[in-house]
Structure formats: structure tokens, C-alpha cells
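Chain and residue survey
Here's the letter readout for the chains.
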Amino acid sequence: MDSSSPARSRRIVPAVAMAAAVALTLAGCSSSSGGKKSEESADGASAGKASTPQMTVALVTHQSPGDTFWDIVRKGAEAAAAKDNVKLIYSADPNAGNQANLVQNAIDQKVDGIAVTLAKPDALKDVISKASTAKIPVVGLNSGVSEWQKLGLMEFFGQDETVAGEALGKRLNEAGAKKAVCVIQEQGNIGLTQRCDGVKKTFTGTTEVLNVNGTDMPSVKSTITAKLTQDKAIDYVVTLGAPFALTATQSVTDAGSKAKIATFDLNKDLTGAISKGTIEFAVDQQPWLQGYLAIDSLWLYKTNGNYMGGGEQPVLTGPAFVDKSNVAAVAAFAAKGTR
Amino acid sequence: MSMTHHAEPAVTSPPAPGPKESDGRTARRSLALRLLGRPEVGVFLGAAAVYVFFLITAPPVRDGSSMANILYQSSTIGIMALPVALLMIGGEFDLSAGVAVITSALTASMLSYQLTMNVWVGVIVALLVSLGIGFLNGWLVVRTGLPSFLITLGSFLILQGVNLAVTKLVTENVATDDISTMDGFDQAKKVFASSFDVGGVQVKITIVYWLVFAAIATWVLLRTKYGNWIFAVGGNKESARAVGVPVAFTKITLFMLVGFGAWFVGMHQLFTFNTVQSGEGVGQELIYISAAVIGGCLLTGGAGSAIGPVFGAFMFGMVQQGIVYAGWNPDWFKAFLGVMLLGAVMINLWVQRTATRR
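Residues numbered from 1 in each chain as written. Chains lettered and ligands numbered in written order. Predicted model: local features only at pLDDT ≥ 70, side-chain atom pairs only at ≥ 80, totals over all residues. Heavy atoms only, no water.

**Some thoughts on the interface of chain B and chain A**
By convention, interface size is frequently given as the accessible area that disappears when the constituent parts associate. Selection criterion: Contacts between residues were defined by any pair of non-hydrogen atoms, one from each residue, lying within 4.5 Å. Defined in terms of a 1.4 Å probe, buried area is the accessible area two parts forfeit on being brought together, summed over both. Any carboxyl oxygen of Asp or Glu within 4 Å of a side-chain nitrogen of Lys or Arg constitutes a salt bridge here. In the analysis that follows, any N or O atom pair within 3.5 Å is treated as a polar contact, provided that within protein one partner can donate a hydrogen and the other can accept it, and provided that, for residues neighboring in sequence, both atoms belong to side chains. In this text, helices come from DSSP runs of H or I with a minimum length of four residues, and strands from runs of E with a minimum of two, each type numbered from the N-terminal end.
On the chain A side, the residues contacting the 55 residues of chain B number 56 residues. Interface of chain B and chain A: buried area, both sides summed, is about 4,900 Å²; carbon and sulfur atoms make up 55% of it. Summed over the three residues of chain B that lose the most area to chain A, namely Thr116(B), Phe273(B) and Val324(B), the buried surface amounts to 12% of that side. There are 3 salt bridges connecting chain B and chain A. Viewed at the interface, chain A and chain B are joined by 16 residue pairs in polar contact (both at pLDDT 80 or more). Within the residue set of the side of chain B that touches chain A, elements represented by two or more residues are helix H4 (64-89), helix H5 (97-114), helix H6 (119-144), helix H7 (148-171), helix H12 (247-273), helix H13 (284-294), helix H14 (307-325) and helix H15 (333-357) of chain B. Counting residues per element, the side of chain B that touches chain A draws most heavily on H6(B), which supplies 7 residues.

In C-alpha cells form, the structure reads like this:
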């Protein structure tokens, strides 16, 4: 008896939505500033296409869904794949066991090369040795700078998180900072912890760690505000991802604090904040380059037998600093989501 | 089930228990018991205990601006905990509530940016989309008779994937573009994400909305026919149907109410942070449900209040920020949060048992 009302409103809802959208468009609700129209269309980095026969490469990362950083890595890999006539198979799972299964999946597909991140090296050990048995070259990227050789990978592209943290710590010394809070958006993540540890190592002032709930921005904002209120001595907030740095600017205002903000990793809004001066500087590990080099190296190995880093040393993509002095040069690339 | 369902109106219906004190001791005693019997009293005492605890251990909490910050955090949880609580009283769950917030924010942001339209267009379309998702959840639950746990687990996964895939498809990034320079933004920011000054303390407007929504929800629940329907469909669907309660209508509108809440919180996030990350919101649904349960809403439906989840959300905000204000070792953060919440729930339970035993 009452089933008639939902059935009727089911038809009404989309109809109303359509009507409203159409009416609003007709009413001239277009925005005179911002928006897609004002966005400059810029071409991505491309360097033609190789005439070598097509090869298939799998990129298997520990990305969690919807992460800006990994999106940039993937774009780099796609750019290299397009240039090298490579068919790229991208897959990811933050769970180490699942990531190992995805590598096994790539082996089963008989790919010509595998690029893999080593966030949890032990879980991937067995499956990587299976790849060598199947004579598939494997390179590492992003995480695992101290383990890649032990696991028998060919090459490695990335930044040493501890080294990056140390570099940031030194930079804080130069800035004359006394007390820094290092904001971790995912409790228990090894790479993030290493960054904060690195900062602690070189920074002559005191470093405190603050855990926040990274999936809920209002909560991140409140928690950083709370920390700045609790400890008025904090003069630097160090975040480990670009979106969190942007949120931290609001916390600083809310807490009436004078703390400055530094961060790891970039995105296009962050470059704007650096040129405006609301964020002091960012450590950039060039994720796009990591993805690009990982794929390109496998192509070079297949077509010309090359080893990047000589097969002995990791190829470091960071830490590169972006601050007011060089942000203009980087901003255009960040806007395209490649830097 | 039917007992609790029955108990609720009985507790709330006596007009004013206070004025006539002719019975002396017995009257006073029954008033106290009656008070203890209310579902929100336990959580009120729990919240008060947590508040006093941090007042003692964390000096910055005594400051007005700290309280404003704690209440802000509570309000962003609380605005969603309200409709989630009403839905639970109505006997259903919504696991998609966390990511639905992000879906709404993404819709508004991408629509106005990509079509270069006034942001209000995006805001209105997002409202329709959110209500639509709520409607679909409710309609599927009513139509199939499957547990809402399953249906909304499905929509949770769908929305999570759609959030990511569509954002990537449209913006070529996993976050939306900055809309802060677009027409209507400042206006919308005033509505959804402004703050005002109270004695030198900046208070976020979401706190006001939270309390207003809670007042409205309380009134609806206790004073309107629709409120009775909610208790009835949550208590016993079949007998509710037998006495002429429109079960399908009630359940579907409750799901749509959750959609409304998701839209509201989503708009707040959009106009506070200018951009939205497509991967956010996962796990928030459990926090909303917890706030409702801590606030005295039965997991089985049929009992609860609108004011209880207000204290439940406050407790979450208080504990989460209180730990930081106290300057405790952050490694223990989640453990502290868990212990505090369990403790508060125990107080809640003890109060309710004491009230019903006598």
C-alpha cells in the first residue's frame, strides 16, 4: 500500500534534479571567476613514441585509494609507458599480502618487467624470488631503499625517507626553529615514522610527534589546533603530505599561533601557498620521476641492457626543496599534477 | 524489544513531573529514577566525567577557545550522528554515511568547477544527489527486505569506488580543484563554514547548526506523529504496519535524512578546505554509529533519543582533543580513545541498569 509513494518519488527525484539543473543553468548561474574555463590547458611531458616492439610492464604499489601522491607516481609511469611503447598494468593494495598476490598475478601474466614498492619487504621476498626464477627483471621504487639489494632487485628509484627527514631537520635549524611538531596522518605507517625520525635526528630543537585521523579533515584541523594551543612553544608544524599542510594553515590561524609550516610532498594548491608565503617550504621526492624512471629503466634494460645506478647504488629522486625562491618554476608542473 | 519500545513514550509522556511535590519522599525518588531511566542520562554522566577528567589533567581545556575547538570537532561528528541515530531508532543502519559526506562534497565541487557555474548550483545538485543516495538505500532496504547492513555495505563500497574513479576521470587528479575564487563561494562559506565571535572566542557556526538540528530532532521524535512512527518501525515493524504506520515511507525518509546530514557536513568540508580529497571519509561511519550507540540508541532499534547522540559526539570530540591538550604520548592515542569510550559506555550501562533494577 505504501509502496506507491516511494515509486512515485523515485520518478520525481531525478526529474526535479534535472529541472533544477536546467533552470539554474538558464538563469545564468555561471561563475565569472575560477572554474574550468580559467584553467590553462597544458600538455603533459611527452617525447614522441619509441618504435621498439611493445612490451608489458606491471607496476605494483602499496597505494591506498584516493591518495594524491600515488596518483602522481602513476602518471609518471604512464608517461614513460606512452613514450616507450610499453603496455602498463597498474595495480595496488596497501595490504602487504594482497600486494604480493598482485605481483604473483603479474608473473602469471608473463610480463616483461615488474616495478614494485617495498613498504613491507618481508612480505614480498618470496614472490620477488619467483619473478627472478621466471627471468622477469624487477626494479624497486619509492620505499625499500635499504632492502632492495638484499631482495635481489635490479635497480631502485626513490628517496630515503630518513635522509629526507634529516634534510628537513637541517633546514629547520637554518630557519632558527626551536620546537617542531611532526604530524603523522596514518598511525603506524613506516615511511611516515621514518620521516619524523629523520627530522628528530638532525633538528637541534625538540621534535614532538602528533597523530591525526587522516581520513577526516575537520578532525585533522581540530587536533593540530589543540596541539598548538597546548604547547605555545611550537614554532614549526611539519606535515607529511600536502593536503595536511594546507589544513595546518587554518589550525595555526584558529589557535592564534605564530608557528610556520613545512611539509613533505607537493600538490598544485601547495605551490600556491608557498608563493603566498603561508607555507614555508616543501620537501619534494619527485614521485612523478619515480614512476617514470621505474618504467623507463625496464625499457632501457630490455632494449639496451642498461642499469641505472650501475646496479649498485639507488637512484635518488629526493629530497628536493621547494620554497619561495624556486616555487615559480615548479608551480606550472604541479598544476598539471606531475610535480 | 517491545518493552523498550513501550518504555520510551511512557518515560516521555508524563506532562511535568516537577510541580506537585505533595508526596514528599516518594515523589522525589521517582523523579530521580525516572531521570535515570532516560536513555541520555547515562551518556550525559559519562560525558561529564570525561569533561571533568580532562579539566583536571589538561589545563588548556579550561580555556574558552579550546572548548570552542572541542565543540567544533564534536559538531562535525554530531551533525551526522543525529540522523544516523534517528535511523537506528528506526531499526536500520547506514554504513555508507562516512563516504556519502565526501560524495556530496565532490559532486558540488566538481560540478561547479567543471561547468564554471556559481557554486550554489553545485550545492543544490549535491543536495539532490545526497537525498537520492539516501532514497536509494532506503528503497532497496524496504523493497528487498535484506538487512540494511548488507545494502549499505554495498553502497559504501560503490560510493568509495565512484568517489575515486569519477574524480580521477573528471579532474585527472584524485582531489578536486580549488573553487575558492568562484562566484558564490564567499556566500556559501558564510552559510556552511563561517565563525563568529563570542567574548573573544571564535566559535564555528557548525556548533550552532548541531544544537539547532538536535533540538528539531528531539521535538520531532517526542512531539510529532512522525516521531512515533520512527519508534514504532524500529520496535516492531509488523505490529507498526498493523496499526497503520507507513513503514516504507518512514524508513526511506530516515535514510534520506542521513543523506541530508551527509550533504550538510560535506558542504562544510568543501567550504572550509576549498578542495576535497576523494579517498577521505572511510571509517567515519563507525564514528557516527558509535556516537549514536554511546548516546543510548539501541543497536537493535526501537529506543534512543536525539539528545543522547549530542553527548555521544561531544564525548568523541572531548576525548580525541583532550588527549592532545593533555600532551600525552601520541603512540597511545587510539588506545586512550578506546579506553575512554569503553569507560564512558560502562557508566552509561551501569546507570541504565541501576535505573531499571529498582
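Back to the write-up after that little detour.
**Observations concerning the state of the cysteines**
Residues and elements named next belong to chain A. For clarity, the cut-off: Any two cysteine sulfur atoms lying within 2.5 Å of each other are counted as a disulfide. Remark: exposure states derive from per-residue accessible area (1.4 Å probe, protein chains only) relative to the maximum for the residue type, with buried under 20%, exposed over 50%, and partly exposed in between.
Per the counting criterion, the structure on display carries 1 disulfide over all chains. Each sulfur in the disulfide pair Cys-182 and Cys-196 lies 2.0 Å from the other. Where Cys-182 bonds to Cys-196 through sulfur, the torsion about that S-S bond is close to -85 degrees, and the disulfide is left-handed. Here Cys-196 lies in helix H7 (residues 190-202) and Cys-182 lies in strand E6 (residues 179-184), a separation of 14 residues in the sequence. Among the residues examined, Cys-182 registers a relative accessible area of 1% and is labelled buried.

**Here we look at the confidence of the model for chain B**
All names here are of chain B. This is how the line gets drawn: For every residue, the predictor states its confidence as a pLDDT score lying anywhere from 0 to 100.
Put simply, chain B has an average pLDDT of 87, and 90% of its residues get 70 or more. Below pLDDT 50 for its whole length, residues 1-21 participates in 23 contacts with residues either more than four positions away or in separate chains. Both scores are available for the predicted complex, with the pTM at 0.83 and the ipTM at 0.80.

**A closer look at helix H10 (residues 268-276) of chain A**
All names here are of chain A. As a reminder of what qualifies: Of all possible arcs, the one meant is that of the directions from the helix axis to the C-beta atoms.
Restricting attention to buried positions, one finds in H10 the residues Leu-270, Thr-271, Ala-273 and Ile-274. Projected onto a plane normal to the axis of H10, the buried residues spread over an arc of 160 degrees and lie on a single side. Buried residues along H10 sit against helix H9 (242-254), strand E9 (260-264), strand E10 (281-284), strand E12 (320-323) and helix H12 (327-335). Put simply, Asn-267 is the residue that caps the front of H10, since its side-chain oxygen is 3.1 Å from the backbone nitrogen of Asp-269. With its phi angle positive at about 95 degrees, Gly-277 sits one or two positions after the end of H10.

**Considering the pattern of salt bridges**
Residue and element names in this part refer to chain A. Within this structure, the stated rule accounts for 19 salt bridges over all chains. In this structure, Lys-83 and Asp-296 form a salt bridge, with 3.3 Å as the shortest nitrogen-oxygen distance. Placement of Lys-83 in helix H3 (residues 68-84) and of Asp-296 in helix H11 (residues 287-304) is noted, with a sequence separation of 213 residues between them. Looking at Lys-83, the relative accessible area reads 17%, which means it is buried. Where Asp-112 meets Lys-302, a salt bridge forms, and the shortest distance between an N and an O atom there is 3.4 Å. Of the two residues, Asp-112 is situated in the loop between helix H4 (96-108) and strand E3 (113-117) and Lys-302 in helix H11; the sequence distance between them amounts to 190 residues. Take Asp-112: its relative accessible area is 26%, and that puts it in the partly exposed class. Look at the salt bridges and you will find they share partners, linking Lys-179, Glu-208, Lys-227 and Asp-231 into a network.

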